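# Examination of the molecular architecture
What follows is each chain in one-letter form.
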Amino acid sequence: MVSRAKIKELMNESACSHNKDKKKGEGCDMPKPGMAAGGCAFDGAQISLFPYADAVHLVHGPQTCLGASWETRETLSSYAGRNHTVMGFTTGITTNDVIFGGDKRLDASLAYIVEHYAPEAIFVYSTCVTAMVGDDIDMTCKLAQKAHNIPIVPVHAPGFVGGKNLGSRLAGEAVLEHLIGTKEPEFTTPYDINLIGDYNVTGDMWQYLPLFEKIGIRVLSSMSGDGRVGDIRTAHRAKLNVIVCAKSLVTLCRKMQERYDIPWISVSFYGKRDTTFAIMEIVNALGDATLIAKAKEILAEEESFLEEKLLPYKEMFAGKKAVLNTGGNKAWSIASGLQDLGIEVVATSIRKSTEDDIQKAREYLGENGILMRAPASEQAKVIDEKGAHILLAGGRSLYTAIKKKISFIDVNQEKKVSYGGYNGLLNLAEDLKYAFNNPVFANVCAPAPWEV
Amino acid sequence: MEAKKIKLSSQEHKPLQINPIKHSQPMGAALAFMGIKNCLPLMHGSQGCASYTKVLYTRHYNEPIPLYNTSVSDITAVFDGGDFSILMAIENITKKNTTLKPELIGLHTTGLTETKGDDVRSVGIHVEIPYCYVNTPDFEGGMESGWALTCKALILQHTFTCKDIKPKKLVLLPNVNIQPIEIEKLKECCTNLGFETFALPDLSTSLDGYLSEGQGKLATGGIAIEEIANLGDAQIVVSIGRSMKSAAEALLQKNEAIEHLHFNHLMGLEANDNFVASLMKMAQVTPYPLLKRWRGRLQDAMLDAHFLIGSSSFVVTGEPDMCVGICELLQSVGGTVYAVIATVYSPVLEEIKAENIFVGDLEDAKSYFQNADLVISNFHAERILHMQEKHTALVLRGFPNYEELGNQLKNDQLYEGSTYFLFEVANKLRELKYHG
Ligand code: SF4
C-alpha cells in the first residue's frame with residue numbers, strides 16, 4: 001500500500017517551487033472536486049518509467065488505466081531487443097478480483113510475461129482499484145522476483161493519491177528503493193552522468209547526445225529516455241545527476257545526493273542558447289579543465305555551423321511576432337527557441353506556472369513581454385495590440401488564430417519531430433515556415449455566401 | 001506460424017491482456033452523454049480516468065471533448081460516500097464558469113467509486129439540474145456496454161410512462177460503434193421514409209468535426225432532455241446492435257404499445273433490405289428515389305468488389321456489434337472471415353460464422369494476422385502489421401484511431417455506407433495483391 005507519510009513527504013518536497021508561498025506543511029493541495037484535470041499519479045509514474053524498453057510495464061488494474069494509454073507516446077528507443085514500450089500489458093481485473101483480491105491474477109500474469117517475453121525487469125503499477133482492494137503487490141512482486149530471478153519492481157502511484165507530478169516522484173522512489181545501487185557498472189569514467197527526466201519524446205535526446213559523445217561526457221544511465229534497467233541499477237556510480245526539464249524528479253536527485261553524494265543540476269535543451277548553456281553547466285559541474293576546453297571548442301564549432309543553417313530562416317522570420325500560450329516549462333523553453341530564430345515573443349502564458357517558470361519567462365521575454373495569467377481571455381487582445389503574426393497554443397485556441405487571421409501551431413499536439421538541441425531548432429524553423437506560408441488560416445474563415 | 005485455437009467463451013483464456021483492444025465501460029458512458037444536448041458528462045472517480053478518456057476521444061475525433069470528473073482522492077475516498085465529491089464538483093464547475101448552463105448532469109461511475117460502493121442514485125435528490133446516473137465499473141463489461149447502459153439509464157430515469165402512441169414517431173438506438181455521420185445518415189433515412197426521428201444518443205451534432213467557437217464545454221448532442229422525457233409516445237423503437245436491445249426493452253417498459261424492431265447491424269444488402277422493408281411497412285410508404293438509387297449502387301459495388309474480396313481472407317477485431325456487421329457484409333460477397341477477435345463477450349458473437357472467433361487482445365490476434373490478406377482493426381494493429389514479414393492490408397475501424405483524420409465522417413451504414421466500405425476494402429486489397 002501507499003503510505004500516507006510517504007505521500008506527505010513528497011508533497012512537501014522543499015525543492016518544489018510550487019511551495020514557495022505556502023505555509024510549512026501545506027504542500028501541494030489535494031484536488032478540489034471537479035477541478036482536477038490532467039493525468040493521475042499512475043499516469044505520471046508510467047510516463048517516468050515507461051521508456052525502459054527492456055522492461056515490461058504491467059498495469060495491475062481495471063481497463064481504463066491502460067486501455068487508452070498504451071502506444072500513445074513517441075518515446076523512441078534504440079533498444080535492439082524486443083521493444084516493450086510500444087506494447088501494453090494489463091491484468092485487466094474483473095469483479096472476481098475486486099471481491100477476492102487480485103494477487104493470484106498478478107502472480108499468474110508475471111509468470112506469463114517471464115515465460116513469453118523474458119524481459120530484463122518488470123514494473124508493476126498499482127492503480128486505484130487494486131490499491132483500494134488492498135492487494136499485497138509488494139509481497140507478490142517480492143516472491144515473483146525470487147522465483148523468476150529478475151527485478152520485479154512495485155510502483156505505488158495509484159491515481160487517487162494525486163496528479164502526474166506526484167506520480168513521477170513516486171516512480172523515482174520506486175527506482176531508488178529497488179533498482180539504483182543493485183549492480184556495479186562494468187567500468188566508470190570521471191565524466192559519467194545520469195540523465196534524469198528526459199523521456200526521449202520524438203528522439204529529443206538524440207539531438208544532443210552526439211554532442212556529449214564528441215566532448216567526452218558519458219551517460220551512465222537514463223531515467224528513463226532510451227534507458228535500460230540494467231544501467232539505472234548502476235546509477236549510484238555517476239559523478240553528476242542532470243535533470244532535464246523535470247522538477248518532479250528533484251526529490252530523487254536530492255536523495256541520491258544524500259545517499260551517494262552525487263550533486264545535481266537542472267538544465268533544458270530547447271533552443272541554441274539553452275543547449276549551449278546546459279552543456280557548459282554539465283562540464284563545469286564535472287569540473288575538469290580539459291573537458292571544459294574541449295566543450296567550448298566543440299560548441300563554438302557547432303554553433304557557427306548551426307548559425308549558417310539558420311540564416312535563411314532568420315531572414316524569413318525577420319520582424320515576426322509570436323504569442324505563446326502553453327503551460328509549464330514550455331512557456332519559456334519554446335520562447336527561447338523562437339527567439340533563437342529571430343522571432344519576437346511578445347507574450348507567453350504563466351497560468352499554473354511555478355515561481356521558477358514565471359521568473360524564467362520574465363527573463364526570456366524582457367520587460368515589455370506580456371505574461372498572461374488568463375491567456376484564454378487575454379490572448380485575442382494581445383494579438384491585436386502587439387500585431388502578432390502567429391499563435392502557438394493548444395488546439396482550443398485555434399479559433400482565436402483564425403478569427404484574427406494569423407498563423408497557428410498546435411504546441412500540445414503529439415509531435416512527430418523533435419524541437420530539442422541544435423538540430424531540433426531547424427525542425428521548429430521548418431514547422432514555422434510552413435505555418436507562416438500556409439494560407440489556410442486566412443482562407444478558412446471566409447464569410448459564408450449567406451453571410452455577405 | 002500456426003495460430004493458437006481459442007474457444008469463444010465469456011471466461012478469459014489467460015490471466016492478463018497484452019496489447020489490449022478492449023476499452024472500459026466509463027469511456028462508453030462518457031461518449032453516450034456527449035450525444036445529449038447541453039449535457040455535462042461527469043465521471044465519478046479519480047482524475048486519471050477522465051483524463052485518459054479525454055485523450056482517447058480528442059485524438060480519435062480531433063475535437064475538444066467536454067468531460068468533467070469528481071476528482072476523488074484517497075482522502076475523500078475514505079470519508080465520502082460520493083455525495084461530497086459529486087455535489088462539490090457540480091458546484092465548483094458551474095461556479096467557475098457561470099455561462100455554463102447544463103441541462104443534464106450525466107454522472108457515471110468508475111472502478112474506484114464502485115469498489116467504494118458509492119450510492120450515486122440518492123445523491124440525485126440534492127442536484128437541482130436534471131440528473132442521470134449510471135453504474136459503469138471498469139472491471140466489468142466494456143465500452144459497448146457502458147454506452148448501452150447509459151442509454152438505458154436515460155430512458156429509465158427520464159422518459160415518462162405513456163399510454164398513447166404518436167404515429168410515425170421513431171426512436172433510433174444506435175450502438176457505440178456508429179459514428180456521428182452515420183447517425184445523421186440513419187436519421188435522414190428514417191425521416192425520408194416519413195418518420196419524425198429521434199436518435200438516443202445522438203452524436204450527429206457532437207464530435208462531428210464542425211468548426212465553431214467555444215467547443216468542448218458542454219455536450220452538443222442532437223437530442224435534448226425534454227425530448228428524451230417524451231420518447232414514450234413513439235410508434236417504433238429501432239435498436240441497432242445487440243448491446244442496445246435492453247435499452248429498447250427499457251423504452252417498452254414505459255409504453256407497451258411501442259413496436260420494437262431490432263437489427264444486429266445495418267451493413268450489407270440483406271440487413272438493409274430488412275430494415276427498409278420493416279419501416280416501409282410501418283409507415284405505409286414507398287421508398288424515396290435516392291434510397292432506390294443507393295440500393296442499386298450497392299448491388300453494383302458487390303459485383304465490382306466480389307472478385308477481390310471473394311478471393312481473400314480477413315481478420316476482424318473490435319467491439320462485437322461492429323464485428324458482426326463487417327463480417328456479414330464481407331461474407332455476402334464471398335470474403336472468408338478467418339478470425340474475429342472481440343473486445344468482450346456478447347451473445348451476438350455466437351451468430352457470426354467464422355473459422356475462429358473469440359474474446360482476446362492483439363497478442364492473440366497477431367498469429368492470425370499472418371494468415372490474412374486484410375485486417376480490419378484499430379490503429380494499434382498498424383505497428384504489428386509493419387513488423388510482420390508477410391504483407392497484410394489494413395482498414396482502420398473501431399476505437400481508437402489516433403493516426404487517420406476524419407474518423408467521424410467514415411460511413412459504413414445503410415446501402416450507401418456499405419457501398420463505400422466495400423470499395424475501400426477492395427481498393428486496399430488491390431494495392432496489396434497487384435503492387436505487393
Ligand atoms: S485515476 Fe486510478 S483508476 Fe483512473 S486511470 Fe488513474 S490509476 Fe487508473
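Residues numbered from 1 in each chain as written. Chains lettered and ligands numbered in written order. Predicted model: local features only at pLDDT ≥ 70, side-chain atom pairs only at ≥ 80, totals over all residues. Heavy atoms only, no water.

Moving on to the domain arrangement of chain A. In terms of domain boundaries, chain A breaks down into domain 1 (4-28 + 36-178), domain 2 (192-302) and domain 3 (311-443). Here the C-alpha centre of domain 3 of chain A lies 35 Å away from the C-alpha centre of domain 1 of chain A. (Domains from an automatic or database assignment.)

This part covers the packing of helix H9 (residues 204-215) of chain A against helix H12 (residues 271-286) of chain A. Residue and element names in this part refer to chain A. The interhelical angle for the contact between H9 and H12, taken along N-to-C directions, is 40°, at an axis separation of 12 Å. Relative to H12, the element H9 is oriented oblique. The two elements H9 and H12 meet at a crossing, and its hand is right-handed. Touching Leu 211, Phe 212 and Ile 215 of H9 are Thr 275, Ile 279, Ile 282 and Val 283, all from H12. By residue class, the composition of the contact of H9 with H12 is six nonpolar, one polar and no charged. (Axes fitted to C-alpha atoms, helices over the stretch in contact; angles between N-to-C directions. Helix = DSSP H or I, 4+ residues; strand = E, 2+ residues; numbered from the N terminus. Parallel < 35°, antiparallel > 145°, perpendicular 65-115°, else oblique. Left-handed = near helix turned anticlockwise from the far one by under 90°. Contact = heavy atoms within 4.5 Å. Nonpolar A, V, L, I, M, F, W, Y, C, P; charged D, E, K, R; others polar.)

All names here are of chain A. Judged by pairing direction, the sheet is parallel, and its five strands sit side by side in the order S11-S10-S9-S12-S13 without closing on themselves. Looking at which strands have only one partner, the edges of the open sheet turn out to be strand S11 (370-372) and strand S13 (407-410). Across the sheet, the mean angle separating the axes of adjacent strands is 20° when strand polarity is ignored. Strands in contact with helix H18 (residues 421-437) are strand S12 (390-393) and S13; relative to S13, the strand with the most contacts, it is inclined by about 140°. (Pairing = 2+ DSSP bridges.)

In sheet architecture, strand pairing relies on hydrogen bonds along the backbone and comes in two forms, parallel and antiparallel. All names here are of chain B. Taken together, the four strands give an open sheet; going across it, the order is S7-S6-S8-S9, and neighbouring strands pair in parallel fashion. Strand pairing shows two members of the sheet lacking a second neighbour, strand S7 (196-199) and strand S9 (259-263), which therefore form its edges. Across the sheet, the mean angle from the axis of one strand to that of its neighbour is 20°, orientation sign disregarded. In this sheet, S7 lies alongside strand S6 (residues 166-174) in parallel orientation, the contact comprising four bridges. The residue bridging Leu 170 from the neighbouring strand is Thr 197, located in S7. Seen against the sheet, helix H10 (residues 245-254) touches S6, strand S8 (234-240) and S9 and runs at an angle of roughly 165° to S8.

Residue and element names in this part refer to chain B. Under the domain assignment, chain B is made up of domain 1 (25-150), domain 2 (158-290) and domain 3 (292-435). The gap between the C-alpha centroids of domain 1 and domain 2 is 25 Å. Taken together, the contacts link 30 residues of domain 1 with 31 residues of domain 2. For the pairing of domain 1 and domain 2, the buried interface totals around 2,400 Å² over both sides, and the portion due to carbon and sulfur atoms is 66%. On inspection of domain 1 and its partner domain 2, the count reaches zero salt bridges. One can count 12 residue pairs in polar contact (both at pLDDT 80 or more) joining domain 1 with domain 2. Those elements that provide at least two residues to the side of domain 1 that touches domain 2 are helix H1 (25-33), strand S2 (39-44), helix H2 (47-61), strand S5 (131-134) and helix H7 (143-158). (Buried area = accessible area lost by both parts, 1.4 Å probe. Salt bridge = Lys/Arg side-chain N within 4 Å of Asp/Glu carboxyl O. Polar contact = N/O pair within 3.5 Å; in protein donor to acceptor, adjacent residues only side chain to side chain.)

Moving on: the pattern of salt bridges. Evaluation of the coordinates by the stated rule reveals 31 salt bridges over all chains. Put simply, A:Lys433 and A:Glu430 hold a salt bridge, and the shortest N to O gap is 3.2 Å. Of the two residues, A:Lys433 and A:Glu430 are both situated in helix H18; the distance of three residues between them amounts to about one turn of the helix. We classify A:Glu430 as partly exposed; its relative accessible area is 24%. For B:Glu363, the salt bridge goes to B:Lys14, with nearest N and O atoms at 2.3 Å. Remark: B:Lys14 occurs in the segment before strand S1 (17-18) and B:Glu363 occurs in helix H14 (residues 362-369); sequence separation between them is 349 residues. (Buried < 20%, exposed > 50% of the residue type's maximum accessible area, 1.4 Å probe, protein only.)

In this complex, chain A contributes 61 residues to the contact, which on the side of chain B involves 59 residues. The three residues of chain A that bury the most area against chain B are A:Pro33, A:Gln63 and A:Thr64, which together make up 14% of that side's buried surface. At the surface where chain A touches chain B, the tally comes to three salt bridges. Among the salt bridges present, the one from A:Lys416 reaches B:Glu403, with a minimum N-O distance of 3.4 Å. Scanning the region where chain A abuts chain B turns up 32 residue pairs in polar contact (both at pLDDT 80 or more). Per-element accounting of the side of chain A that touches chain B gives the leading share, six residues, to helix H5 (residues 103-117) of chain A. Pairing between strand S2 (residues 89-90) of chain A and S1(B): two bridges, direction antiparallel. Paired with A:Thr90 across the strands is B:Gln17, a residue of S1(B).

As a further point, take the environment of A:Arg218. Residue placement: A:Arg218 occurs in strand S6 (residues 218-223). A distance of 2.9 Å separates a polar side-chain atom of A:Arg218 from the backbone oxygen of A:Phe187.

A few words on the site of the ligand. Around the ligand, the neighbouring residues are A:Cys40, A:Phe42, A:Cys65, A:Thr127, A:Cys128, A:Gly159, B:Ser46, B:Gly48, B:Cys49 and B:Tyr52. At the ligand, the nearby residues belong to more than one chain, namely chains A and B. Residue contributions to the shell around the ligand peak at three residues, all from H2(B). Residue classes in the shell around the ligand are distributed as six nonpolar, four polar and no charged. (Near = heavy atom within 4 Å.)

Quick look at the pairing of strand S7 (residues 240-244) of chain A now. All names here are of chain A. Here S7 lies mainly inside the structure; five of its five residues are buried. Because side chains alternate across S7, one face comprises the buried residues Leu 240, Val 242 and Val 244, and the other comprises Asn 241 and Ile 243, equally buried. For strand S5 (residues 192-196) and S7, the ladder comprises four bridges, and the chain directions are parallel. Note that in S7 the partner of Ile 193 across the bridge is Leu 240. Examined bridge by bridge, S7 and strand S8 (residues 264-267) share four bridges and lie parallel to one another. Among the inter-strand pairings, Val 242 is bridged to a residue of S8, identified as Ile 265.

The subject of this paragraph is the pairing of strand S11 (residues 336-342) of chain B. Residues and elements named next belong to chain B. For S11, the tally of buried residues reaches six of seven residues, placing the bulk of the element in the interior. Judged from the six bridges that link them, strand S10 (residues 313-318) and S11 form a sheet pairing that is parallel. Across the sheet, the residue bridging to Val 316 is Val 340, located in S11. On the question of chirality, the crossover connecting S10 to the parallel S11 by way of helix H13 (residues 320-332) is right-handed. Relative to strand S12 (residues 356-359), S11 is paired through four bridges, and the arrangement is parallel. Residue Ala 342 lies in a different strand from S12, and its bridge partner there is Val 359. (Right-handed = clockwise from strand over helix to strand, strands pointing away.)

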